[in-house]
Amino acid sequence: MTLVIFFLMFIIGSASERLCPLRASIDVLEGEFFFLCYPESRQEHFQEEAYTINWYRENAGKQQLIKETRRIVSQMNFLEFWPVELSDSGNYSVTHSNGKQNFVIQKWTLNILERNESSCFNKNHLTTEIKNAGTGHSLKCSDLSVNENDSITWYKDCKNYEHETERELHFRTLTAQHSGIYTCKIIISHEGKIYHSTNTIKLVVEEDAPEAVTLEIIGHHEEIETEIGKEEILNCTGFLGYYMQEDASLYWLINQMFPEQCTGIPANEPSICEEEFKKLQLGNKFYITRLLRIKKVTDEDMHHNFTCMLQADESTQIKIVKLKKGNTQDLPVHVFTTGMILAVLFPFVAIATVFVCVIFRVDLVLFYRNICRRDDTAGDGKEYDAFVSYLKDCVSPIEEEREFALKILPMILEENFGYKLCIFERDVFPGGVVDDIHSFIDKSRRLIIILSQNYVSDRAIYELESGLHKALVERKTKIILIEYMPISDYSFLPESLSLLPSKRVVKWKKNKSLPLNSRFWKNLRYLMPAKPTKINTKRHYNNLDIGSKAAQLWTEDCDFNAVL
């Protein structure tokens, strides 16, 4: 490529975010220079050291690699046409390849429109801008080229327009005569040849009929309700039409006398003063406005006529404003009654709300977790949600406790609420040692202790002491106590257990606690870490057999527990 092209690519590269056509379908006139490109920011996520950019055109439903010619040139993220021809219409895409995979960066549909030889534009290749008369506006030429040295010419209805050569065509004040079709033509040199690109805009200037406009003051004569000692600001605004009348004047009179002028210094302001008038333009309409300030309304002001005078084009308009005392009314009876009732009821409603929140705290928390899909287990490095500690003495007659720990607890928490429990007999290979207990408690977010009168006499005391140390000293694991059987005397338990809050004790009430929606399972889930769950509603556990065989698989070898 020539030095001109490299210079153009350098300039365009710095502004590609602004120049590259991001729309999917693009219309271009035949015979004009054009380029497809994509912003360089779109390939920031491709970090390979070696990659290639390939441009494709769809041919008979298949993607065909574009081969460079003197007319069509690919430069990284640019595909240039010098110039475009009717045969260039079609679907184009650009891909990024690292030698293993191809990634499509962007796709376009290019529509090449036939040039109208009898006109400087194609009616299907223009944009329309509708503006109001009296406003300022600028028409912008296409940003296809950013080289400041490129030649630019503006045309109106295909005739050279006032020898304008800037990229923007400025109109200080639009009139109906500015309506028309404007075309900007950009000329660029490439490899010794001259190419051009055009951008056409249809400007429509709408204007209200001036003959229907009459000089007027906004608003009618009025009476303003006020109070003695209150500050009042009277506003007078006049409509001048569709152009600013330099001889227009607007002023206030108080009983046919001119008021003093405001100084802008509050301490030195007279009781009544007039501010300077201001000229306004809203759209294509012009207004003039002036304020009259009354510092403190007096009883005498109630008897004055405040007159606003608008004069322009030898015509005069007036507006008279009067002040009157407002009627002070007591608060309506129904409003007062409603307010009193609400004031009396509010404390009761607040107390009732707090009471409901306390009573149904567990239900509200579980509902919130379910709605928000809250998960407290993600990324904490723990493997289990809870380590289950229970009576393991094979000679103990308490078989129901073992059944509860080995069958009911995992069946409900694991199969229905998605928790993962660590049960030593089930999850640790035979031959495990005491140190294994410590490591598995370390891997668990909670320590569930199933309490009974025989708990401490069992070797499970080590699990209890280890868990208490982590809960009260290391503060790594939270303990959940399940009172499997009623315990009247807790003196047989370690004293440190009394430091645990009572709310972390859940009581098992046998058949009453079996249903999934029982208070026992709700309280237990409340103390467990939040975790998204999907309750299996097809299973019912109301009639679980608390008999004898459920734990047989895990408890046949009593010597297995000797490691504890």
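Residues numbered from 1 in each chain as written. Predicted model: local features only at pLDDT ≥ 70, side-chain atom pairs only at ≥ 80, totals over all residues. Heavy atoms only, no water.

Our working rule: UniProt positions are given in the numbering used here, feature names are shortened, and annotations may be inferred rather than shown by experiment.
Per an unreviewed UniProt entry, the recorded name for the chain is Interleukin-18 receptor 1 isoform X2, and the organism is Lepidothrix coronata. The record held by UniProt for the chain lists under Subcellular location (unreviewed entry) the comment "Membrane". Taken directly from UniProt, the Sequence similarities (unreviewed entry) text for the chain runs: "Belongs to the interleukin-1 receptor family."

**Details of the UniProt feature "transmembrane region" (unreviewed entry) in the chain**
Spelled out, the test is: Think of it this way: any DSSP run of H or I at least four residues long counts as a helix, any run of E at least two long counts as a strand, and we number them from the N terminus.
Here the UniProt-annotated "transmembrane region" (unreviewed entry) positions come out as residues 335-360. The straight-line gap between the two end C-alpha atoms of residues 335-360 is 35 Å; of that span, 96% is helix and 0% is strand.

**Description of the state of the cysteines**
Quick reminder of the rule: We call a pair of cysteine sulfur atoms a disulfide when they lie within 2.5 Å. Partly exposed describes any residue whose relative accessible area lies between the buried limit of under 20% and the exposed limit of over 50%, with all areas from a 1.4 Å probe on protein chains only and scaled to the type maximum.
Summed over all chains, the structure comprises 4 disulfides. A disulfide bridge connects Cys 141 with Cys 184, and the sulfur atoms are separated by 2.0 Å. Judged by the torsion about the S-S bond (85 degrees), the Cys 141/Cys 184 disulfide is right-handed. Here Cys 141, found in the loop between strand E10 (137-140) and strand E11 (151-156), pairs with Cys 184, found in strand E14 (residues 180-190); they are 43 residues apart in sequence, far enough to count as distant. Neither Cys 141 nor Cys 184 differs from the other in exposure class; each is buried. Note on cysteine connectivity: Cys 236 is disulfide-linked to Cys 308, with sulfurs 1.7 Å apart. For the disulfide bridge between Cys 236 and Cys 308, the dihedral angle about the S-S bond is near -80 degrees, and by the sign convention the bridge is left-handed. Residue Cys 236 is located in strand E18 (residues 232-241), and its partner Cys 308 is located in strand E24 (residues 306-312); the two are separated by 72 residues in the primary sequence. Assessed through its relative accessible area of 0%, Cys 236 is described here as buried. Cys 308 gets classed as buried once you look at its relative accessible area, which sits at 1%.

**Observations regarding unusual backbone geometry**
In the segment running from Trp 82 into Pro 83, the intervening peptide bond is cis, with an omega of -5 degrees. Take Pro 83: it is sitting in the loop between strand E6 (78-81) and strand E7 (90-97). The phi angle at Ala 60 is positive, at roughly 55 degrees, despite the residue not being glycine. Mapped onto the secondary structure, Ala 60 falls in the loop between strand E3 (52-59) and strand E4 (62-65). The phi dihedral of Arg 373 falls on the positive side, at around 55 degrees, and the residue is not glycine. In this structure, Arg 373 sits in the loop between helix H4 (361-372) and strand E26 (384-389). Judged by its relative accessible area of 46%, Arg 373 is partly exposed.

**What to know about the sheet that holds E24**
Let me state the cut-off plainly: Any two strands between which DSSP finds at least two bridges are classified as paired. Think of each axis as a best-fit line through the C-alpha atoms, taken over the contacting stretch in the case of a helix, with angles from 0 to 180 degrees between the N-to-C directions.
Taking strand neighbours across the sheet as the criterion, the 4 strands line up as E17-E25-E24-E19 in an open arrangement whose pairing is mixed. Of all the strands in the sheet, just strand E17 (222-226) and strand E19 (249-254) have a single pairing partner and so form its edges. Going across the sheet, the axis of each strand differs from the next one's by a mean of 25 degrees, ignoring polarity. When E17 meets strand E25 (residues 315-325), the two strands line up parallel, connected through 5 bridges.

**Some points on the packing of helix H5 (residues 399-415) against helix H9 (residues 519-527)**
Worth spelling out the cut-off: Under this scheme an angle from 65 to 115 degrees is roughly perpendicular, one under 35 degrees roughly parallel, and one over 145 degrees roughly antiparallel; angles in between are oblique. Any two residues whose heavy atoms approach within 4.5 Å at even a single point are treated as in contact. Note on residue categories: nonpolar means Ala, Val, Leu, Ile, Met, Phe, Trp, Tyr, Cys or Pro, charged means Asp, Glu, Lys or Arg, and polar means any other residue, Gly included.
At a minimum axis separation of 12 Å, H5 and H9 run at an interaxial angle of 75 degrees. In terms of axis orientation, H5 runs roughly perpendicular to H9. Contacts from Phe 404, Ile 408, Leu 409, Ile 412 and Leu 413 in H5 reach Phe 520, Trp 521 and Leu 524 in H9. Partitioned by chemical class, the residues of the contact of H5 with H9 number 8 nonpolar, no polar and no charged.

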